[in-house]
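So you can see what is in the structure, the chains are spelled out below.
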Amino acid sequence: MHPEKSDYKSGFVAIMGKPNAGKSTLMNLLVGERLAVTHSKAQTTRHKLYGIVSEKNFQIIYIDTPGIITPAYPLQTAMMEAVKVARADADLIIWVVDVKDLVLLPWVDEHYTKKPIILVLNKVDLVTANQLNVAIAYWRNHKPGVAIVPISALKKENIDLLLQQIIEQLPNHPPYYPEETLTDKPERFFVQEIIREKILDQYRQEIPYSVEVVIDHFKETDHLIKIRSIIHVERSTQKGIIIGQKGDALTKLGIAAREALERFFQKQIFLALHIKVTPNWRKSRWLLKKFGYPAKKN
């Protein structure tokens, strides 16, 4: 790397949009690593997450963000605070839209006028050529001058074109992170996210959204990582559902999470899962801060 070169480019690129637009899938693809949790269930992402790509002439710090919603309780408010922080930090905004979602973007109009935007129309593999043309015409009409890139993150279509657009709009700046840095998060964060992803896989309805995963113990040796995790739920009935009849559901969850963690760390994992009832944790600003969520700024 050559930080001293005046033509070196480096910047923060926030990936933003509504829930289920494909933001996390896109970031994983751009980074080349599976950092962010992806799922068909909405509101999968809770925290902002950096994915860092370093090349000879540029460094891109992608920021994955929670899907933008109108918050209904303090957890969702904290999630939207993470979006605001990402928006403030960004040199460039990638706004990801489901190609079928022809709805104006008030956040762009209100907040992003001084920052470049790339409007990404995702999931083009699910529409006809005519439907795609209609969507492009709609956005060109409503957002003149904004770069539009149609892609399929799932099918990896047009990703090279998007990357080219991103690099072109990066500011000239030395790299912010050492070349080998992949993310801003510690290993414990990814353990929490992997366990939460398996909860999303296994349980339905309200359960995944009522759960917070906290790593209580993490000790690594050359060949083994010992992990103890606390799964916080809001009600005793939710605890019963997670444990299941005779503990079958919790055993299944533990096996799935352990196998995923072993793939991630490439080491043997000893995983202990404990369920704790923490009433109304999603509404407790003190607990949300303790769990690592940003506080609302006045």
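Just so we're clear, the structure is a prediction, and the values are computed from it rather than from any experiment.

Engineer: Would you mind going over the sheet that holds strand E7 (residues 212-220) with me for this structure?
Structural biologist: The strands that make up a sheet are held in pairs by hydrogen bonds between backbone atoms, and each pair lies either parallel or antiparallel. Overall, mixed pairing links the three strands, which are arranged E7-E8-E9 in an open sheet. Whereas interior strands pair on both sides, the edge strands pair on one side only; in this sheet they are E7 and strand E9 (268-277). Pairs of neighbouring strands in the sheet enclose a mean axial angle of 20°, with direction left out of account. Pairing between E7 and strand E8 (residues 224-233): eight bridges, direction antiparallel. Opposite Phe 218, over in E8, you have Ile 227 as the bridge partner. Seen against the sheet, helix H8 (residues 248-265) touches E7, E8 and E9 and runs at an angle of roughly 135° to E9.

Engineer: Explain the packing of aromatic side chains here, please?
Structural biologist: To describe a pair of aromatic rings, you give the distance between the ring centres and the angle between the ring planes. Under the counting rule described, the total for this entry stands at nine aromatic pairs. Plain terms: the ring middles of Phe 189 and Phe 190 are 5.3 Å apart, the flat faces sit at 90° to each other, and that makes the pair edge-to-face. The residues Phe 189 and Phe 190 share a single accessibility class, namely buried. On the numbers, 6.0 Å between centres and 55° between planes, the contact of Phe 218 with Phe 265 is tilted. Here Phe 218 is found in strand E7, whereas its partner Phe 265 is found in helix H8, with 47 residues between them in sequence.

Engineer: Could you clarify how one ought to interpret unusual backbone geometry in this entry?
Structural biologist: Trans is the common state for peptide bonds, and a negative phi is the common state for residues other than glycine. Of note, the phi angle at Asn 20 is positive, near 65°, even though the residue is not glycine. Owing to a relative accessible area of 35%, Asn 20 belongs among the partly exposed residues under this scheme. One non-glycine residue, Lys 123, lies in positive phi territory at about 70°. Tracing the backbone through its elements, the reader meets Lys 123 in the loop between strand E5 (117-122) and helix H4 (129-142).

Engineer: Honestly, the environment of Ser 10 in this entry has me stumped. Any pointers?
Structural biologist: Counting through the fold element by element, Ser 10 comes out in strand E1 (residues 9-17). Here Ser 10 falls in the buried class, since its relative accessible area comes to 0%. In this structure, the C-alpha to C-alpha distance between Ser 10 and Ile 243, residues 233 residues apart in sequence, is 47 Å. For Ser 10, the residues in contact, after removing those within four places along its chain, are Gln 59, Ile 61, Leu 170, Pro 171, His 173, Pro 174, Pro 175 and Tyr 176. From its side chain, Ser 10 meets the backbone oxygen of Pro 174 in a polar contact 3.5 Å long.

Engineer: Sorry if this is basic, but what is going on with the pattern of salt bridges here?
Structural biologist: Enumeration according to the criterion identifies eleven salt bridges in this entry. Linking Arg 46 and Glu 212 is a salt bridge whose minimum nitrogen-to-oxygen distance equals 2.9 Å. With Arg 46 in the loop between helix H1 (23-31) and strand E2 (49-54) and Glu 212 in strand E7, this residue pair connects regions lying 166 residues apart in the sequence. Take Arg 46: its relative accessible area is 3%, and that puts it in the buried class. Given a relative accessible area of 3%, Glu 212 falls into the buried group. The salt bridge partner of Asp 201 is Lys 198, with a shortest N-O separation of 3.6 Å. Of this pair, Asp 201 and Lys 198 both sit in helix H6 (residues 187-202), three residues apart, which is roughly one turn of the helix. Look at Lys 198 and you get buried, because its relative accessible area is 14%.

Engineer: Sorry if this is basic, but what is going on with the layout of surface pockets here?
Structural biologist: Over the atoms rolls a probe the size of a water molecule, and its path tells where empty space is left. In this structure, the second largest pocket occupies an estimated 290 Å³ of space. Residue lining of the second largest pocket: 15 residues in total, with Arg 34, Ile 194, Glu 197, Ala 260 and Phe 264 positioned closest to the centre. Considering each element in turn, the lining of the second largest pocket owes the most residues, five residues, to H6. Looking at the lining of the second largest pocket residue by residue, the class counts come to eight nonpolar, one polar and six charged.

The rules behind each value
Residues numbered from 1 in each chain as written. Predicted model: local features only at pLDDT ≥ 70, side-chain atom pairs only at ≥ 80, totals over all residues. Heavy atoms only, no water. Pairing = 2+ DSSP bridges. Helix = DSSP H or I, 4+ residues; strand = E, 2+ residues; numbered from the N terminus. Axes fitted to C-alpha atoms, helices over the stretch in contact; angles between N-to-C directions. Contact = heavy atoms within 4.5 Å. Phe/Tyr/Trp six-rings, centres within 6.5 Å; stacked < 30°, edge-to-face > 60°. Buried < 20%, exposed > 50% of the residue type's maximum accessible area, 1.4 Å probe, protein only. Polar contact = N/O pair within 3.5 Å; in protein donor to acceptor, adjacent residues only side chain to side chain. Salt bridge = Lys/Arg side-chain N within 4 Å of Asp/Glu carboxyl O. 1 Å grid on protein atoms, 1.4 Å probe; cavity = no way out; pocket = protein on both sides within 12 Å on 5 of 7 lines; lining within 4 Å. Points joined across faces, edges and corners; volume = space filled by probe spheres on them. Nonpolar A, V, L, I, M, F, W, Y, C, P; charged D, E, K, R; others polar.

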